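# Reading the structure
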Amino acid sequence: MRILVTGGCGFIGSALVLHFVEDLGHEVLTLDALTYAANPISLAGLGDNPRHRLVEADICDAPAVRAAFAEFRPQAVMHLAAESHVDRSITDPGAFIRTNVIGTQVMLDAARGHYEGLIGPEREAFRFLHVSTDEVYGSLPPDGFFTEESRYDPRSPYSASKAASDHLARAWHETYGLPVLITNCSNNYGPRHFPEKLIPLMILNALEGKDLPVYGDGLNERDWIHVEDHARGLVAVLERGRLGQTYLLGGRSVRSNLAVVKGLCAAFDRLRPGHAPHERLITYVTDRPGHDRRYAIDPSKAEAEVGWVPTKVFEEALEETVRWYLDNEAWWRPIREGRYSGERLGLGSASAEAP
Ligand SMILES: NC(=O)c1ccc[n+]([C@@H]2O[C@H](COP(=O)([O-])OP(=O)(O)OC[C@H]3O[C@@H](n4cnc5c(N)ncnc54)[C@H](O)[C@@H]3O)[C@@H](O)[C@H]2O)c1
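The rules behind each value
Throughout, a residue's number is its position along its own chain's written sequence, starting from 1. Given that the model is predicted, a residue must reach a pLDDT of at least 70 before its local features are reported, and side-chain atom pairs must reach 80 or more before they are shown or counted; all residues, however, enter totals for whole chains, interfaces and linings. For every residue, the predictor assigns a confidence score, pLDDT, that lies between 0 and 100. Working definition of a contact: two residues with C-beta atoms, positioned from the backbone, lying within 7 Å. Elements are defined by DSSP. Helices are runs of H or I of four residues or more, strands are runs of E of two residues or more, and each kind is numbered from the N terminus. Helix span is expected to be 1.5 Å times the residue number reduced by one. Around each residue's C-beta, the other C-beta atoms within 10 Å are counted; 20 or more make the residue buried, 12 or fewer make it exposed, and counts in between make it partly exposed. All C-beta atoms are placed from the backbone. Here the arc refers to the set of directions running from the helix axis out to each C-beta atom. Think of a nonpolar core as buried Ala, Val, Leu, Ile, Met, Phe, Trp, Tyr and Cys residues, each tied to the set through C-beta atoms within 7 Å. Here an angle of 0 to 180 degrees is reported between the N-to-C directions of two axes, which are lines fitted to C-alpha atoms, with helices fitted over the stretch in contact. We call a crossing left-handed when the near helix sits turned anticlockwise from the far one by less than a right angle, and right-handed when that turn is clockwise. Under this grouping Gly is polar, as are all residues other than the nonpolar Ala, Val, Leu, Ile, Met, Phe, Trp, Tyr, Cys and Pro and the charged Asp, Glu, Lys and Arg. Here, any two strands with at least 2 DSSP bridges between them count as paired. Contact assignment follows one rule, namely that a residue is near a molecule or strand if its backbone-placed C-beta atom lies within 6 Å of it.

### With respect to the confidence of the model for the chain
- Averaged over all residues, the pLDDT of the chain is 95; the fraction at 70 or higher stands at 98%.
- Low confidence marks residues 349–355, where pLDDT is under 50. Its contacts with residues over four positions away, or in another chain, come to 10 contacts.

### Here we look at helix α11 (residues 314–327)
- The end-to-end C-alpha distance of α11, which contains 14 residues, comes to 20 Å, matching closely the 20 Å that a straight helix rising 1.5 Å per residue would cover.
- For α11, every residue scored as buried is listed here: Phe314, Ala317, Leu318, Thr321, Val322 and Tyr325. Down the axis of α11, the buried set is contained in an arc of 150°. They therefore lie on one face. Within α11, the exposed residues directed more than 90 degrees away from the buried face are Glu316 and Asp327.
- Contact partners of the buried residues in α11: β7 (188–189), α7 (198–207), β10 (225–226), β12 (254–256), α9 (257–271) and α12 (329–337).

### Some words on the nonpolar core
- Membership of the largest hydrophobic core comes to 91 residues, with the highest contact counts inside it found for Leu16, Met78, Leu129, Leu234, Val237 and Leu264.
- Per-element accounting of this core gives the leading share, eight residues, to helix α1 (residues 11–23).
- For Met78, the contacting residues outside a window of four places in its chain are Ile3, Val5, Leu16, Leu129, Val131 and Leu234.

### Notes on the packing of α7 against α9
- For the pair α7 and α9, interaxial distance at closest approach is 10 Å and the crossing angle is 40°. Every pair of crossing elements has a handedness; the one defined by α7 and α9 is right-handed. Together, Leu198, Ile199, Met202, Ile203 and Ala206 of α7 and Asn257, Val260, Val261, Leu264, Cys265 and Phe268 of α9 make up the contact between the two elements.
- For the contact of α7 with α9, the per-class residue count stands at 10 nonpolar, one polar and no charged.

### A closer look at the sheet that holds strand β3 (residues 52–56)
- The strand order across the open sheet formed by seven strands is β3-β2-β1-β4-β5-β6-β11, and the pairing between neighbours is parallel. At either margin of the open sheet sits one strand with a lone partner, and together these are β3 and β11 (246–249). Looking at each pair of strands side by side, their axes are set apart by 20° on average, direction ignored.
- By the bridge criterion, four bridges tie strand β1 (residues 2–6) to strand β4 (residues 76–79) in an arrangement that is parallel.

### Quick notes on the site of the ligand
- As a matter of local geometry, the ligand sits amid 31 residues, with Gly7, Gly10, Ala33, Ala38 and Ala82 nearest to it.
- Elements represented by at least two residues in the shell around the ligand include exactly α1, α4 (93–116) and β5 (127–133).
- The residue inventory of the shell around the ligand, partitioned by class, reads 15 nonpolar, 12 polar and four charged.

### Comments concerning the environment of Ile102
- Position of Ile102 relative to the elements: it lies in helix α4.
- Classification of Ile102 by C-beta neighbours within 10 Å gives partly exposed; the count is 17.
- In this structure, the C-alpha to C-alpha distance between Ile102 and Cys60, residues 42 residues apart in sequence, is 6.3 Å.
- Discounting chain neighbours no more than four positions away, the residues touching Ile102 are Cys60 and Ile97.

Quick look at the structure:
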């Protein structure tokens with residue numbers, strides 16, 4: 001298959017591209033604007049593989065997107081390109097509206113133009129899979145779980161922009177008959193994760209013996225899914241999902257942020273005992289404005305309909321992730337010393353003093 005992947009130089013996109021090209025033998029065109037969050041080294045393992053090509057383009061650039069469709073003639077689109085960090089959305093919401101909302105509309109329009117030119121089996125088989133987040137559903141009460149029927153209730157500029165993009169994708173299906181699928185996924189972890197997000201940030205801080213800043217009381221809960229489980233879930237939905245349907249993908253691993261950070265400390269105590277016990281590095285800092293308390297996914301629909309189950313065991317895969325960062329300094333060192341060195345982001349001007 002020829003598959004166009006947007007955002008393929010990011011965290012989840014790169015895992016998906018590697019899975020498509022290396023494991024499944026598909027042909028992939030990665031379309032990526034190479035923002036601060038991209039790390040093209042993530043795809044360096046593909047070398048000169050003739051089944052992969054990277055086009056540097058912005059999804060808001062309609063002529064460039066249309067040209068990519070015309071030249072590559074994709075049989076499927078996996079749309080992952082997005083501004084993805086909640087804390088950055090608090091300080092710069094405009095970038096999120098632009099890429100996540102306008103960019104998604106440009107992608108949908110270009111896909112529609114392409115789809116309308118297809119005939120026969122190619123038209124029958126074409127798919128547009130829109131990748132989204134469980135954050136569109138807002139915050140759960142203790143012990144609650146999101147399902148595909150949950151009400152949209154986004155609370156951050158990031159989740160509001162992703163909610164808008166979900167609605168656009170659904171509208172292009174209903175209005176124009178574009179063969180759209182939508183997935184909403186919980187928090188991902190694993191290799192090649194930009195070190196502004198909780199797990200890789202804590203890993204690099206622990207490695208350097210720095211403070212491990214936990215927001216608020218640390219009891220906010222997230223449902224963690226390994227990025228490779230997510231990539232396999234996306235492929236399962238692409239292959240077997242029903243058109244116009246939403247599928248929630250989650251790892252059945254709900255943990256508080258504090259439990260995650262303590263798990264990382266335990267892994268570091270075993271693997272790099274230099275700064276042990278690492279738990280003494282934990283500090284509590286001002287909470288994120290509007291911090292949702294709990295996200296958790298009931299992935300039963302995806303499990304039943306597309307035959308996918310998450311396979312990674314959280315604590316084991318967390319330790320594997322720590323090992324990956326220890327073994328791949330060449331991946332993260334240039335980011336840490338250049339684009340982002342770990343400083344606090346997303347404290348609105350009036351919200352609180354810096355930690
Ligand atoms: N990371 C998670 O835990 C998570 C969970 C659920 C859903 N998602 C969704 O999955 C997708 C991928 O997330 P991620 O964590 O890999 O993100 P990421 O920030 O690691 O990567 C995003 C990629 O998109 C590219 N990009 C950004 N703006 C672009 C633009 N205007 N044009 C073209 N490319 C652009 C970046 O260069 C980068 O390579 C996003 O849509 C996100 O909302 C992420």
